[in-house]
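Structure at a glance
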Amino acid sequence: MRPIHLLLVPCTLLMLAACSKSPEAPAVAPAATPAPEASTTMPSSGPDPQSYANYDKVRVSDAVLDLDVSFERRELAGSAELALEWIDSAATELILDTRDLEIGKVERKVGENWQPAKFSLAPRDAKFGSKMSIELPDRATRVRISYHSRPEATGLQWLEPAQTLGRDHPFMFSQSQAIHARSWVPIQDTPAVRFTYSAHVTAPPGLRVLMSADNDAASTGEGGYNFRMPQAIPSYLLAIAVGDLEFRPLGTRAGVYAEPGRIEAAANEFSDTESMIKAAEELYGEYRWGRYDLLVLPPSFPFGGMENPRITFATPTVIAGDKSLTALVAHELAHSWSGNLVTNSGWKHFWLNEGFTSYVENRIVEVVYGAEFAQMEQVLSQDGLIEEIKDIPAADQRLVVDVIGRDPDETFSGVPYNKGAWLLLTLEQRFGREVFDPFLRGWFDQHAFKSVGTDDFVAYLKSELLDNNPGKFSETELDAWLNQPGIPDSAVHSKSARLAAVDAQRAEFQDGKRAASALDGKQWSTQEWLHFLGGLPDAPSIAQLEALDAAFDLTATGNAEIAFAWFKHGIASGYAPIKAPLEKHLVTIGRRKLVVALYEELAKTPEGKAEAIRIFRIAEPGYHPL
């Protein structure tokens, strides 16, 4: 997932079918459908406090999905067949995670036949869903669950045609991270469990189905779409999307899908993708996932991007026309090594996914766009972290966070991204790239297709780096990064000559020594503009805003990132010209970073709060459940 900094925020996010399937009548009576209200059936403190799954006793190794997409009912309906590996010789029960799934029947495979299996659903917990227990006294190695999702599934968003760019066809997409896969597949919903999967999916004619698997751009979908993911992945990387989509190649192993009206702009914006893949391979080894495609989603997608293997889901707000926001692609591509290849074993170790990815992203950006660009990104992320932690509880300023009893979405912030990347940058600075680069590449190679925790990283760090280079980085300092709040005193803040020049011009502008028209804004990159706006007072004077608007027409900017920063100042200052463009921004964009803070700013005054509520009522149908 794309990180939070001044550019992009973190995190915690189908027309009538021709032949829709419904689960068959149950062979054995299931438990009553769980009540929607919360209960006390929360997961225990282990092995994963966000999952009911007993994966220490039996693990899912492969899943076969057979699903039909119904836009009329807003559901996925069909079956999930799970292959099991028994670990505990005394175990006779399989426990899965579900949330708001309607279970029809459960069967176990006996020889070549399927026979009924007894199962039960525990009462629903508001955060974690319902524990599904399946009795398997014969320790069957395959079970099949007939089910359908509900319209309110937190991992799926169903869009009416009017909510898409083309406005002619509906659209559906998933967002499984962190624990939302359980709302559309009964599964062991924990990053500690990796499994392969295949799928057969039918959808209304004319709509393309994509999954985090081997998508065939030439497939017509006649008879349904077929998928296979041969590499083992965790459940949060299960992904599906259905819509009116076209494809454009970006290289021999990369391409982009988007709605027809956006495909050419997307292909132009992301044309450097193949170069990014090659840059990452030079640094960290072979790209091991076959293809790397992108899917540009409708504006309601709540994040910058989601690193679903083989197909990154991306927000259209990064299509700025000048490639200034394509660091998002570098970030999601970097997940192909950190996160998808080497995965955090639990959400308390989220920094192992996002901190590593944010660091790798910056290295890719440096190769493709140059050191100056990478330095500006470093400064923006570090400045953003310094500001953000002022409002974050001390316990959540640590890289290793306490997640027991908490939905992982509640713990997501810029800390795992930017503090994690800052730690790795510090190690690079202390040991030098000639030592650190092979160390990091070895981490990916030695832990490929595994789920790991912070203890695994600490052990690897000590054996491969610290013990071989004594005195350069102490265990006390490591503890400060991992387990203490704030930013360690030893951290070195990155510098950028270009942003320093922006600082100087901003100071002159604020002191009245430089007119807005005399700023170098027409030559500034998005990063420079965001740095300039981020350094202004929360509520600049109306005269200053008018002068900037007259010189650079910021109220009418087509860059969603700059618009967000500009509108935030405009709201605080009561700058009337932003009123209509602000409403359009809030109604047409669903990305959390670009809308939530604007609502918060509006709500600081009674009049603004009334306006926020009015706009929200218009915009709400287009927002993602997250």
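These figures come from a predicted structure and were not determined experimentally.

On a plain count of helices and strands, the protein chain comes out with 17 helices and 21 strands. Against the globule reference of 25 Å for 626 residues, the protein chain gives a C-alpha radius of gyration of 25 Å, in line with a compact fold. Taken over the C-alpha atoms alone, the protein chain extends approximately 85 × 60 × 50 Å along its principal axes. Considering the protein chain as a whole, with its 626 residues, one finds that 61% of them fall into the buried category. Total accessible area on the protein chain is roughly 22600 Å²; 51% of this is exposed by carbon and sulfur atoms.

A separate point is the pairing of strand β4 (residues 102-110). Where β4 lies against strand β8 (residues 142-148), six bridges are found, and the strand directions are antiparallel. Note that in β8 the partner of Arg108 across the bridge is Val143. The pairing of β4 with strand β5 (residues 113-116) spans four bridges and is antiparallel. Opposite Glu107, over in β5, you have Pro116 as the bridge partner.

Once that is clear, we can look at helix α15 (residues 579-588). Three or four residues apart is the spacing at which side chains of an α-helix point the same way, because the helix has 3.6 residues per turn. Residues of α15 that are buried include every one of Leu582, His585 and Leu586, and no others. When α15 is viewed along its axis, its buried side chains cluster within an angular range of 90° and face the same direction. Relative to its buried face, α15 has exposed residues pointing more than 90 degrees away, namely Ala580 and Lys584.

Moving on: the sheet that holds strand β7 (residues 130-135). Strand order in the open sheet formed by three strands is β3-β7-β6, with antiparallel pairing between adjacent strands. In the strand order of this sheet, the two ends are held by β3 (93-98) and β6 (119-121), each with one partner. The average undirected angle you get between the axes of adjacent strands in this sheet is 20°. Where β6 and β7 come together, three bridges link them in antiparallel fashion.

Time to look at the sheet that holds strand β10 (residues 171-174). Sheet architecture is open: four strands sit in the order β9-β10-β14-β12, paired in antiparallel fashion. Unpaired on one side and paired on the other, β9 (156-159) and β12 (208-211) mark the two borders of the sheet. Adjacent strand axes in the sheet meet at a mean angle of 10°, parallel and antiparallel pairs treated alike. Sheet topology note: the β9/β10 ladder contains four bridges and is antiparallel. Among the inter-strand pairings, Leu159 is bridged to a residue of β10, identified as Phe171.

We now examine the packing of aromatic side chains. What describes a pair of aromatic rings is the distance from one ring centre to the other and the angle between the planes of the rings. Under the definition given, this model contains 36 aromatic pairs. Ring geometry for Tyr287 against Tyr292: centres 6.3 Å apart, planes inclined by 90°, an arrangement best described as edge-to-face. Judged by relative accessible area, which is 1%, Tyr292 ranks as buried. On the basis of an interplanar angle of 90° and a centroid distance of 5.6 Å, the ring pair of Tyr359 and Phe436 is categorised as edge-to-face. Here the residue Tyr359 occupies a position in helix α4 (residues 351-369), and Phe436 occupies one in helix α8 (residues 433-446), the gap between them amounting to 77 residues. Judged by its relative accessible area of 4%, Tyr359 is buried. An aromatic cluster of three or more residues is present, and its members are Trp351, Phe356, Tyr359, Phe436, Phe439, Trp443, Phe457 and Tyr460. In this structure, Arg144 is placed above the aromatic ring of Trp114, and the distance from its NZ or CZ to the ring centre is 4.2 Å.

In terms of nonpolar packing, the biggest core is built from 153 residues, with Leu82, Ile134, Met211, Phe270, Phe313, Phe444 and Phe457 touching the most fellow members. Looking at which element gives the most residues to this core, the answer is helix α7 (residues 414-431), with nine residues. Excluding residues within four positions of it along the chain, Met211 makes contact with Leu65, Trp184, Tyr197, Ala199, Val201, Phe227, Ala239, Ile240 and Ile311.

The next thing to look at is the side chain of Asn362. Residue position: Asn362 is located in helix α4. The exposure class of Asn362 is buried, given its relative accessible area of 10%. With residues up to four places along the chain from it excluded, the contact list for Asn362 reads Ala374, Glu377 and Gln378.

Alternating positions in β12 separate into two faces, Arg208 and Leu210 on one and Val209 and Met211 on the other, with burial throughout. Note that β12 and strand β14 (residues 240-243) share four bridges and pair antiparallel. The partner of Arg208 across the bridge, within β14, is Gly243.

Counted by the stated rule, this structure contains 40 salt bridges. Close ionic contact of Glu387 with Lys390 constitutes a salt bridge, the shortest N to O distance being 2.9 Å. Given the relative accessible area of 57%, Lys390 is considered exposed. One salt bridge in this structure joins Glu477 and Arg430, with 2.7 Å as the shortest N-O distance. On the criterion of sequence distance, the pair formed by Glu477 in helix α10 (residues 475-483) and Arg430 in helix α7 is long-range, its members being 47 residues apart. Among the residues examined, Arg430 registers a relative accessible area of 27% and is labelled partly exposed. By sharing partners, the salt bridges in this structure join Asp100, Glu102, Arg124, Arg150 and Glu152 into a single network.

Of all residues in the protein chain, 93% attain a pLDDT of 70 or more, and the chain-wide mean is 92. Predicted confidence is poor over residues 3-39, with pLDDT under 50, and the contacts of this stretch with residues over four places away or in other chains come to 140 contacts.

A few words on the environment of Glu528. One can find Glu528 in helix α12 (residues 526-534). Judged by relative accessible area, which is 6%, Glu528 ranks as buried. Note: C-alpha distance between Glu528 and Arg253 (275 residues apart in sequence) is 33 Å. Contact partners of Glu528, with chain neighbours within four places excluded, come to Met376, Arg498, Leu499, Val502 and Gln523.

The omega angle of the peptide bond from Gln177 to Ala178 is 5°, so this bond is cis rather than trans. Within the secondary structure, Ala178 is located in the loop between β10 and β11 (194-202). For Asp100, which is not a glycine, the phi torsion comes out positive at approximately 60°. Topologically, Asp100 is positioned in the loop between β3 and β4. With phi around 50°, Asp553 is a residue other than glycine that occupies positive phi space. Along the polypeptide, Asp553 turns up in the loop between α13 (542-552) and α14 (560-573).

Scoring rules and cut-offs
- Residues numbered from 1 in each chain as written.
- Predicted model: local features only at pLDDT ≥ 70, side-chain atom pairs only at ≥ 80, totals over all residues.
- Heavy atoms only, no water.
- Helix = DSSP H or I, 4+ residues; strand = E, 2+ residues; numbered from the N terminus.
- Rg over C-alpha atoms; globule rule 2.2 N^0.38 Å.
- Buried < 20%, exposed > 50% of the residue type's maximum accessible area, 1.4 Å probe, protein only.
- Areas by Shrake-Rupley, 256 points an atom, 1.4 Å probe, with all protein chains shown as cover.
- Pairing = 2+ DSSP bridges.
- Arc of directions from axis to C-beta.
- Axes fitted to C-alpha atoms, helices over the stretch in contact; angles between N-to-C directions.
- Phe/Tyr/Trp six-rings, centres within 6.5 Å; stacked < 30°, edge-to-face > 60°.
- Lys NZ or Arg CZ within 6 Å of the ring centre and 35° of its normal.
- Core = buried A, V, L, I, M, F, W, Y, C linked by side-chain atoms within 4.5 Å.
- Contact = heavy atoms within 4.5 Å.
- Salt bridge = Lys/Arg side-chain N within 4 Å of Asp/Glu carboxyl O.
- pLDDT = per-residue confidence, 0-100.

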